[in-house]
Amino acid sequence: MKNSNQKAFALIVVLFFIVIIIALLGAYLKITRLELSSTKYAKDSITGFAAGEAGLNIRAEDIRNIFVGYNMPEGDSPSKTHPCESGNNGSGDFVCKTYKFKNTDVVTYVEEADGNPINTTIPQGERYQNLNVLEYRYSVYSIAKGAQGQTESILQLKFKNRLVPLFQFAVFYDKDLEIAPGATMNLSGPIHTNADLYLNAEGNLNIYGQVTTAGDIYRGRKNNSNCNDTVSIIAPVDLKAMVKGCSSRTKVRDLSPWKGMVESNVEKLTVPSPDILNPVPSSNYFSLADLRLQLKLNSSNKPNTSFSKTGVVVLKSDGSIDSSQTTKLNACTGNINSKAIGSTNTFYNNREKKNIRMFEIDMSSLFNCLYTTSWLGDSGKKLNTADKGGLVFNFSIDGVDSEKSSNNYGVRLRNSSYLGSSKSGAPQIKGLTVVTNQAIYLWGDYNTTSKKPAAIMSDSFNILSTAWNDSKSSWSQRVAANTTINTAILSGTDSTGGIEGTSGQGGTYNGGLENYPRLHEQWSGKTLTYKGSFVSLSTPKHVKGAWVYGAPQYNAPTRNWDYDTDFNDGDKLPPLSPRFVYLRQELFVREY
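Worth saying up front: this structure is predicted, and the values here are computed from it rather than measured.

Parameters and conventions
- Residues numbered from 1 in each chain as written.
- Predicted model: local features only at pLDDT ≥ 70, side-chain atom pairs only at ≥ 80, totals over all residues.
- Heavy atoms only, no water.
- Helix = DSSP H or I, 4+ residues; strand = E, 2+ residues; numbered from the N terminus.
- Buried < 20%, exposed > 50% of the residue type's maximum accessible area, 1.4 Å probe, protein only.
- 1 Å grid on protein atoms, 1.4 Å probe; cavity = no way out; pocket = protein on both sides within 12 Å on 5 of 7 lines; lining within 4 Å.
- Points joined across faces, edges and corners; volume = space filled by probe spheres on them.
- Nonpolar A, V, L, I, M, F, W, Y, C, P; charged D, E, K, R; others polar.
- Core = buried A, V, L, I, M, F, W, Y, C linked by side-chain atoms within 4.5 Å.
- Contact = heavy atoms within 4.5 Å.
- Patch = residues over 30% accessible without salt bridge, like charges linked within 9 Å, V, L, I, M, F, W, Y side chains within 5 Å.
- Areas by Shrake-Rupley, 256 points an atom, 1.4 Å probe, with all protein chains shown as cover.
- Salt bridge = Lys/Arg side-chain N within 4 Å of Asp/Glu carboxyl O.
- Pairing = 2+ DSSP bridges.
- Axes fitted to C-alpha atoms, helices over the stretch in contact; angles between N-to-C directions.

This next bit is on unusual backbone geometry. Between Asn 116 and the following residue, Pro 117, the backbone shows a cis peptide bond with an omega angle of -10°. With respect to the element layout, Pro 117 can be found in the loop between strand E2 (104-112) and strand E3 (118-121). Between Ala 551 and the following residue, Pro 552, the backbone shows a cis peptide bond with an omega angle of 0°. Mapping Pro 552 onto the fold places it in the loop between strand E31 (527-536) and strand E32 (558-563). Positive phi outside glycine occurs at Ser 374, with the angle close to 50°. Mapped onto the secondary structure, Ser 374 falls in the loop between helix H4 (363-372) and strand E23 (391-398). Among the residues examined, Ser 374 registers a relative accessible area of 41% and is labelled partly exposed.

Below, the discussion takes up the layout of surface pockets. Regions of empty space are outlined by a rolling probe, equal in size to a water molecule, passed over the atoms. Of the voids in this model, the largest pocket is the one considered here, and its volume is about 490 Å³. Of all the secondary structure elements, the ones that give two or more residues to the lining of the largest pocket are strand E4 (132-145) and strand E5 (151-165). Considering each element in turn, the lining of the largest pocket owes the most residues, four residues, to E4. When grouped by side-chain class, the residues that make up the lining of the largest pocket number 13 nonpolar, seven polar and three charged.

The biggest cluster of nonpolar side chains holds 109 residues, and the ones touching the most others in it are Phe 393, Phe 395 and Leu 413. Those residues in contact with Leu 413, other than ones at most four positions away along the chain, are Ile 361, Met 363, Phe 395, Val 434, Ile 440, Tyr 441, Leu 442, Trp 443, Tyr 446 and Ile 456.

Moving on, we come to a nonpolar patch on the surface. Nonpolar side chains collect at one region of the surface, where Phe 16, Phe 17, Ile 20, Ile 21 and Leu 24 lie side by side and expose about 530 Å² of accessible area between them. Assignment of secondary structure puts Ile 20 in helix H1 (residues 2-68).

The four strands are arranged E8-E11-E14-E15 in an open sheet whose pairing can be described as mixed. A strand with exactly one partner marks an edge of an open sheet, and here the two such strands are strand E8 (185-187) and strand E15 (239-241). With strand direction ignored, the average angle separating the axes of adjacent strands in the sheet is 20°. Where strand E14 (residues 230-234) meets E15, three bridges bridge the pair, whose relative direction is antiparallel. Bridge pairing links Ile 234 to Leu 239 in E15.

Nothing here speaks to function; it is geometry throughout.
This is how it looks when you write it as structure tokens:
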């Protein structure tokens, strides 16, 4: 009996431990399943988060690219109740869009903030500080769902699209920028280049604005290894010299002494293409222009009089000829063979070594013509239009060499010290932007009387002084006189060594910023006064003459140059000022 009891007890103990082991095994299996499930959830969550974030970035970039193309996002967002479900998809640029990343579907949509746009100023201490910008605010939402339809993440990104005018920089280059003045130069506005920056001086170069580069900063020249005199940059209260006593070109690595006022290797900015100058309907500077004039040339590069006596016609926004307005334009009187417009071939360009077929525009007579003819019969247009901030004129040349990499075409503006009509009762213009895809020549003072917001956008930029005369073709006769120019400039500039980047180091000098305007006279002892903004997005497309100093090309003036601080006021910028789009993240939220 005792033995039987012992066996029964042992059996009970064994059974008890078996139950315990089974329970432990069950618990282990359950924990394992939970851990596997948790691991899978965590993995799905990470995958969903990454995919959702990618969806946010794609939609934000889509919105930015719309602004880059000089357009505005349009459409309606889906309602906030069950967005992107059951037909609640919104429309246009804010519509629900789905992106697939491996096994994850990401549904995205965009909401526009109330009150867009805001005219504001980039705060002190931020990159591009103090610039006046148009700020558009948006939110992008993404919902990431796994292969089984389960929600893996819900994310929100709030961001600002800032439209920053290029003409609010003293200097803005989309290529290597070289500043190496032979005499003291002061620049009071911000400076940016999307490539490398070379700073040198034969006297003193003083920069009183923020300096940013997408590439490196070199103290010294690009065309050789020299490093001279003193370059100082505001830091941010007092000027601070950069690489004192340097004897050879030096890459500047430590920028901390300038306390954020000098930055290198920043994100490259997306800027308009030089193709914006082309006289085609797809370019806003053509289609949105208030006046489009074109000089038609025949196969011999002489005025084609099939359409008008001068060869000059008025174009519609689709590029076709407006015959009625062309007739009225050619009836207007002026100082170019008694007309307001015309053509000559009497200017010899020593840099290009050829005579230039000029499309001549007597600006004063042209404004008078527009006023007295009620804008060539279009009574809906006025000299004082405020649309786009003022007037935009597009001047082009249609000839056999128009698209050649080196041609002999140019657009010359004369009698333009006052931008407006001299007729009694004529209203003053709000501003003027002149656009051409060919070389432009300013003859004499520009925009000096009752100064207006003004810009010149051209393939290359040339200045002829108030003393210029085409008949005086010899070097001894080409003696300049003091001249004043008030306008922002966007134009092509040459590249040292014919190439951007360090591969161009040691190459033939492009003339630097100090020779951005192409000169053609003896300027020694004379002053060229300039106030505006220098912007260069590329090399010229239609001129190839290299920069050369001295006879018979030119010698240097006393340069009284500076940034036009009027451009700091958004209301005083030239009409249709080109802008870059700067996206700034404001808030990132994970809701699930």
